[in-house]
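# Summary of the model geometry
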Amino acid sequence: MSLMTWSEEYSVGVARFDTQHKKLIDLVNKLNDAMRVGKGKDVLAAILQELLDYTVYHFKSEEEAMQKVAFDGYDEHKREHDKLTRQVLDFAAKFNSGNSMLTVSLMQFLKDWVLNHIKGTDQKYTKYLN
Ligand code: FEO
C-alpha cells in the first residue's frame, strides 16, 4: 500500500498545481517503496535528488503564479517554501555523506510536509489563482 494517496480534499483548484502535487506524492511514495524493499544507497540517493529537483521546480511554479496576481500571502508562502527546501536539502546532504539513513519516521515527516503544506498553505491561494 502506498504511503500517501492524493484525494479531492487536497485540491488547490488549479489543475496544473494539482498535477504537480500528485507527482510530488508519487515521488515520496517511490522513495518509501524503495526504502521498504531495501534498495541500495545509490538508488535511494537518485530518488531523493529527483524529489528535491521536482520540489524546487514546483515551488518556483507556484511562486511565479502568485507573483503574477500580486497575491498578498506571497511572502509568507515563499518563506515556507524556503524552509521546506532547506529541510530536504539538509537531509539529502546528510544522507549523501553517509550521516543519515532513510527511516520510517523520515518518510512520515515527508508525508506530513507535503500534505500539511498543501492543506495549510497552498489552499490559501485557490481563490486568487482562479
Ligand atoms: Fe504546492 Fe506551496 O507548494
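First, a word on what this report is: a plain description of the structure on this page. What you see is a predicted model, and the numbers here were worked out from it, not measured in a lab. (Residues numbered from 1 in each chain as written. Predicted model: local features only at pLDDT ≥ 70, side-chain atom pairs only at ≥ 80, totals over all residues. Heavy atoms only, no water.)

### Description of the overall build of the protein chain
Note the following rule: For helices the rule is a DSSP run of H or I covering at least 4 residues; for strands it is a run of E covering at least 2, with both sets numbered from the N terminus onward. Values of the radius of gyration come from C-alpha atoms, whereas the globule rule sets the reference at 2.2 Å times the count of residues to the power 0.38. We call a residue buried when its accessible area falls under 20% of the maximum for its residue type, exposed when it is over 50%, and partly exposed in between, using a 1.4 Å probe and counting protein chains only.
When you go through the protein chain residue by residue, the secondary structure sums to four helices and zero strands. Taken from N to C terminus, the helices and strands of the protein chain fall in the order α-α-α-α. In terms of overall dimensions, the protein chain is globule-like: its C-alpha atoms have a radius of gyration of 15 Å, near the 14 Å expected for 130 residues. With respect to the principal axes defined by its C-alpha atoms, the protein chain has extents near 45 × 30 × 20 Å. In the protein chain, which comprises 130 residues, the proportion classed as buried is 45%.

### Considerations on the packing of helix α1 (residues 15-36) against helix α2 (residues 41-68)
Applied cut-off: Simply put, an axis is a line fit to the C-alpha atoms, just over the touching stretch for a helix, and the angle between two N-to-C directions goes from 0 to 180 degrees. Comment on the angle field: the value is read as roughly parallel under 35 degrees, roughly antiparallel over 145, roughly perpendicular from 65 to 115, and oblique elsewhere. Each crossing gets its hand from how the near helix is turned against the far one by less than a right angle, where anticlockwise is left-handed and clockwise is right-handed. Contacts are assigned to residue pairs that have any heavy atoms within 4.5 Å of one another. Three categories are distinguished: nonpolar for Ala, Val, Leu, Ile, Met, Phe, Trp, Tyr, Cys and Pro, charged for Asp, Glu, Lys and Arg, and polar for the others, with Gly belonging to the last.
Relative orientation of the contacting elements α1 and α2 amounts to 165°, with a least axis distance of 10 Å. Considering the angle they form, α1 stands roughly antiparallel to α2. With respect to the hand of their crossing, α1 and α2 are arranged in left-handed fashion. Across from Arg16, Phe17, Gln20, His21, Lys23, Leu24, Leu27, Val28, Lys30, Leu31, Ala34 and Met35 in α1, the residues of α2 making contact are Leu44, Ile47, Leu48, Glu50, Leu51, Tyr54, Thr55, Tyr57, His58, Ser61, Glu62 and Ala65. Looking at the contact of α1 with α2, its residues break down into 14 nonpolar, five polar and five charged.

### Observations regarding the packing of aromatic side chains
As a reminder, the rule being used: Two rings from Phe, Tyr or Trp (for Trp, the six-membered ring) form a pair when their centres are within 6.5 Å of each other. A pair whose planes differ by under 30 degrees is stacked, one over 60 is edge-to-face, and the rest are tilted. A ring has a charge above it when a Lys NZ or an Arg CZ is no more than 6 Å from the ring centre and no more than 35 degrees off the ring normal.
With the rule as written, the count across this model stands at five aromatic pairs. Centroid distance Tyr54 to Tyr57: 5.4 Å. Interplanar angle 50°. Geometry classified as tilted. Of this pair, Tyr54 and Tyr57 both sit in helix α2, three residues apart, roughly one helical turn. A ring pair is formed by Phe59 and Trp113, whose centres lie 6.4 Å apart and whose planes are at 45°; its orientation type is tilted. Taken together, the positions of Phe59 in helix α2 and Trp113 in helix α4 (residues 104-120) put the pair 54 residues apart, joining distant regions of the chain. Between the NZ or CZ atom of Lys23 and the centre of the ring of Tyr54, over which it lies, the distance is 5.5 Å. A cation over an aromatic ring shows up here: Lys41 above the ring of Phe95, its NZ or CZ 5.8 Å from the ring centre.

### Examining helix α3 (residues 74-96)
Note on helix geometry: an α-helix contains 3.6 residues per turn, so any two residues three or four positions apart are oriented the same way. Defined as follows: One fewer than the residue count of a helix, multiplied by 1.5 Å, yields its expected span.
End to end, α3 covers 32 Å across 23 residues, agreeing with the expected 33 Å (1.5 Å per residue, within 8%). Taken together, the buried positions of α3 are Tyr74, His77, His81, Leu84, Thr85, Val88, Phe91, Ala92 and Phe95. At its buried positions, α3 is contacted by α2 and α4. The first or second residue beyond α3 is Gly98, which carries a positive phi of 85°.

### Comments concerning the environment of Leu89
Among the secondary structure elements, Leu89 is positioned in helix α3. When the C-alpha atoms of Leu89 and Ile25 are compared, they prove to be 18 Å apart, with 64 residues separating the residues in sequence.

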